[in-house]
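Report on the structure
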Amino acid sequence: MTDVSAPAGYDTIILGGGVAGCVLAARLSEDPGRSVCLVEAGPDYGPRQEDWPQKVLNARALPRDDVWERRAPVHRIRGRVLGGSSSINGCWNTWGSAGDHAEWSRAGGPAWSAARMAPFRRRAAERMGLRTVPEREISAWTRGASKGAAELGYQEVDMAAPGGPGYGGPLLNAVDGVRRNAAFGYLEDARSRPNLTILAGATVDRLAVADGRVRGVGIVVDGRRETLVADSYLLSCGTFGSPAVLLRSGIGPAAQLAEAGVRTAIDLPGVGANLTDQPGVFVPLAPTAELNASLAAKEAEGDLYVSRMLIRAASELCPEGSWDLHILPTGGPPLFGKLPAGQYEAGISAFLMKPASRGRVRLLSADPADALEIDPAFFSDPAGHDVAVIRSGLGIVEELAATASLKALVGPLEGHPARELSDQDLRDRAGTYWHPVGTCAMGTADDPLAVVDGGGRVRGTSNLRVVDASILPTVPASNTQLPVLAAAEMLAEAIRGQA
Ligand SMILES: Cc1cc2nc3c(=O)[nH]c(=O)nc-3n(C[C@H](O)[C@H](O)[C@H](O)COP(=O)(O)OP(=O)(O)OC[C@H]3O[C@@H](n4cnc5c(N)ncnc54)[C@H](O)[C@@H]3O)c2cc1C
């Protein structure tokens, strides 16, 4: 391998230029005495918004071009571009419950409490320019759904802060239909710093580990293999990418590594295990001619968005005062497929926010160009918790659809109520909310499945941390972008404090 690093190497190399990677690159390079290199497999379209593809900027749809494995099943979609999945996501930002922080604090220490994370949440919201839903983006469907939620007795709540069940709008990282991804939010002014190098189009293959220290990282650029060296390495390739890099580097379950033909450097059984994502079931409804006309008029004005409100709801199994479901009414062009002009899809999804099921990420080969085995194992928990909660959610969907406010906009439910579907049918109909976490989970020293500690340090290593969604041991009862931004802000400050 050729050595393409700075003559004396970098102080810090960040592997993966997604949500967490952009935060780390910006915050760590604020210190002019630290040289930082950010490595990203996908393209960097540069500092000027006008040079980015329209598809990536368009916040009204989910882009499908700059992704890993373009023909992959939908639960595996992830961004492969500077900004990572924030460049292809729904631009929604919500915050989780007190229960999430209790789980994270047990695993990672008091820094993960709601109070200690709050300043980092605010800092992230400010940098990303998060804003509330403007009135003009609220369609007749969204307005009806909010009124329906109030009819059912839900109170309006602040979705970007801890609290209890209720309804409201998310905070958005999109302005006038333009997706403001983490590369815009964090790298705009950092790009011109002489101590920050952004290396796009560079796929991380593996880390060279000896005696618990990373000695270099192998990357592939235009088919060429090269090596970068640094004092410390921060792995931010996301919930699917980070365990894959560790596994290729020989950090993972020894038996599995042997199967993949990789020599074990550190036997860490938790790498790639504990994959946790939020499945959802969509219940389609039939829009009335009036609703279709109203949505068409919104679209003509350029202000039609598929979803702009949600309900935090509780199943019978949810701890008192918290929520374990997002009820998400959507109305607009279908997410998948097409309808004739002037016709729209309206419906309501129930998403399971605190699943008990655990899936996994595994290598199919040691080649970084090969696809991974990604199995979210939706609704697989033996006790049937997840199926019970989603059924409860589908009951709430029916109640919402039956409110006077929504009955005026859609026809009645047809066929069997979704809550009566068989377990297998629920599995077959499950989509994803795209919030996978947990494959490099943080945990205490006595937790055999812990991969990192509360500071993201990889067990058994002295200069390697993981900082991204993969370290969250449990998924929050929220969308994950804002929690990942806040976690990266918090860990960046901790890393700077140690310099
Ligand atoms: C379709 C979709 C919709 C979503 N909608 C929302 C939403 O509306 N609200 C919300 O809160 N969350 C949403 N999310 C989730 C949110 O985007 C993620 O939680 C967040 O991006 C996670 O940040 P991360 O840094 O862990 O990973 P990412 O942002 O995915 O970044 C990982 C980066 O690492 C790079 N990488 C991976 N492997 C390698 C490698 N081997 N070499 C070099 N680079 C590599 C990737 O290309 C990517 O840029 C959505 C996600 C998807 C996919």
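Predicted model, so just to flag it, every value in this text is computed and none were measured. (Residues numbered from 1 in each chain as written. Predicted model: local features only at pLDDT ≥ 70, side-chain atom pairs only at ≥ 80, totals over all residues. Heavy atoms only, no water.)

**Quick word on the packing of aromatic side chains**
All chains considered together, the criterion is met by four aromatic pairs. When the ring of Trp 52 is compared with that of Phe 184, the centres are 4.9 Å apart and the planes differ by 55°; the resulting orientation is tilted. With a gap of 132 residues between them, Trp 52 in the loop between strand S3 (36–40) and helix H2 (54–57) and Phe 184 in helix H6 (residues 182–187) connect regions that are remote in the sequence. Owing to a relative accessible area of 3%, Trp 52 belongs among the buried residues under this scheme. We classify Phe 184 as buried; its relative accessible area is 3%. Between Trp 104 and Trp 112, the aromatic rings sit 6.1 Å apart at their centres with planes inclined by 85°, giving edge-to-face as the arrangement. An aromatic cluster is defined as three or more aromatic residues linked by ring pairs; in this entry it consists of Tyr 45, Trp 52 and Phe 184. Here Arg 80 stacks its cationic end above the ring of Trp 68, 4.3 Å away from the centre of that ring. Sitting over the face of the ring of Trp 323, Arg 312 holds its NZ or CZ atom 3.9 Å from the ring centroid. (Phe/Tyr/Trp six-rings, centres within 6.5 Å; stacked < 30°, edge-to-face > 60°. Helix = DSSP H or I, 4+ residues; strand = E, 2+ residues; numbered from the N terminus. Buried < 20%, exposed > 50% of the residue type's maximum accessible area, 1.4 Å probe, protein only. Lys NZ or Arg CZ within 6 Å of the ring centre and 35° of its normal.)

**Overview of the sheet that holds strand S9 (residues 196–200)**
Spatial ordering of the open sheet is given by S9-S3-S2-S13-S23, a layout of five strands whose pairing is parallel. Looking at the sheet topology across the chains shown, the edges are occupied by S9 and strand S23 (464–466). Ignoring which end each strand starts from, the neighbouring axes of this sheet average 20° apart. (Pairing = 2+ DSSP bridges. Axes fitted to C-alpha atoms, helices over the stretch in contact; angles between N-to-C directions.)

**Some points on the UniProt feature "domain: Glucose-methanol-choline oxidoreductase N-terminal" (unreviewed entry) in the protein**
UniProt's feature table lists "domain: Glucose-methanol-choline oxidoreductase N-terminal" (unreviewed entry) at residues 238–252, given in the numbering used throughout. The span residues 238–252 carries 73% helix and 13% strand; its end-to-end C-alpha distance comes to 16 Å. (UniProt positions renumbered as here; feature names shortened; annotations may be inferred.)

**Focus: the pattern of salt bridges**
Applying the stated criterion across every chain, the model contains 29 salt bridges. Two residues, Arg 127 and Asp 189, come together in a salt bridge whose shortest N-O distance is 3.4 Å. Separated by 62 residues along the polypeptide, Arg 127 in helix H4 (residues 114–127) and Asp 189 in the loop between H6 and S9 bring together distant segments of the chain. Overall, the relative accessible area of 18% leaves Arg 127 in the buried class. Given the relative accessible area of 46%, Asp 189 is considered partly exposed. With a closest N to O distance of 3.0 Å, Arg 206 and Asp 205 form a salt bridge. A residue is classified by how much of its surface remains accessible, and Asp 205, at 2% relative accessible area, is buried. Linked through salt bridges whose partners overlap, the residues forming this network are Arg 27, Glu 30, Arg 123, Glu 489, Glu 493 and Arg 496. (Salt bridge = Lys/Arg side-chain N within 4 Å of Asp/Glu carboxyl O.)

**Description of the site of the ligand**
For the ligand, the set of nearby residues contains 34 residues, the closest of which are Glu 40, Trp 92, Val 204, Thr 480 and Gln 481. Within the backbone of Gly 79, a nitrogen or oxygen atom sits 3.3 Å from an oxygen atom of the ligand. Interatomic distance of 3.4 Å between a backbone N/O atom of Trp 434 and a nitrogen atom of the ligand. For the ligand, whose accessible area on its own is 1000 Å², the fraction buried by protein is 95%. Broken down by secondary-structure element, the contributors of at least two residues to the shell around the ligand are helix H1 (19–28), strand S10 (202–210), helix H7 (238–248) and helix H13 (481–498). (Near = heavy atom within 4 Å. Polar contact = N/O pair within 3.5 Å; in protein donor to acceptor, adjacent residues only side chain to side chain. Areas by Shrake-Rupley, 256 points an atom, 1.4 Å probe, with all protein chains shown as cover.)

**Quick look at the domain arrangement of the protein**
According to the domain assignment, the protein consists of domain 1 (2–121 + 179–274 + 435–498) and domain 2 (134–169 + 279–352 + 379–429). The C-alpha-based centres of domain 1 and domain 2 are spaced at 32 Å. Opposite the 15 residues of domain 1 that make contact, domain 2 presents 18 residues. Where domain 1 abuts domain 2, roughly 1300 Å² becomes buried across the two surfaces, and 61% of that area is made up of carbon and sulfur atoms. Three residues stand out in domain 1 for area buried against domain 2, namely Arg 60, Trp 92 and Trp 95, and they jointly supply 43% of the buried area on that side. Here domain 1 and domain 2 share zero salt bridges between them. (Domains from an automatic or database assignment. Contact = heavy atoms within 4.5 Å. Buried area = accessible area lost by both parts, 1.4 Å probe.)

**Quick look at the sheet that holds strand S18 (residues 325–332)**
Judged by pairing direction, the sheet is antiparallel, and its six strands sit side by side in the order S5-S17-S18-S19-S16-S22 without closing on themselves. Each of the sheet's edge strands pairs with one partner strand only, and the pair in question is strand S5 (166–168) and strand S22 (431–432). Relative to S18, helix H5 (residues 140–151) is tilted by about 150°, and along the sheet it contacts S5, strand S16 (279–285), strand S17 (310–313), S18 and strand S19 (345–352).

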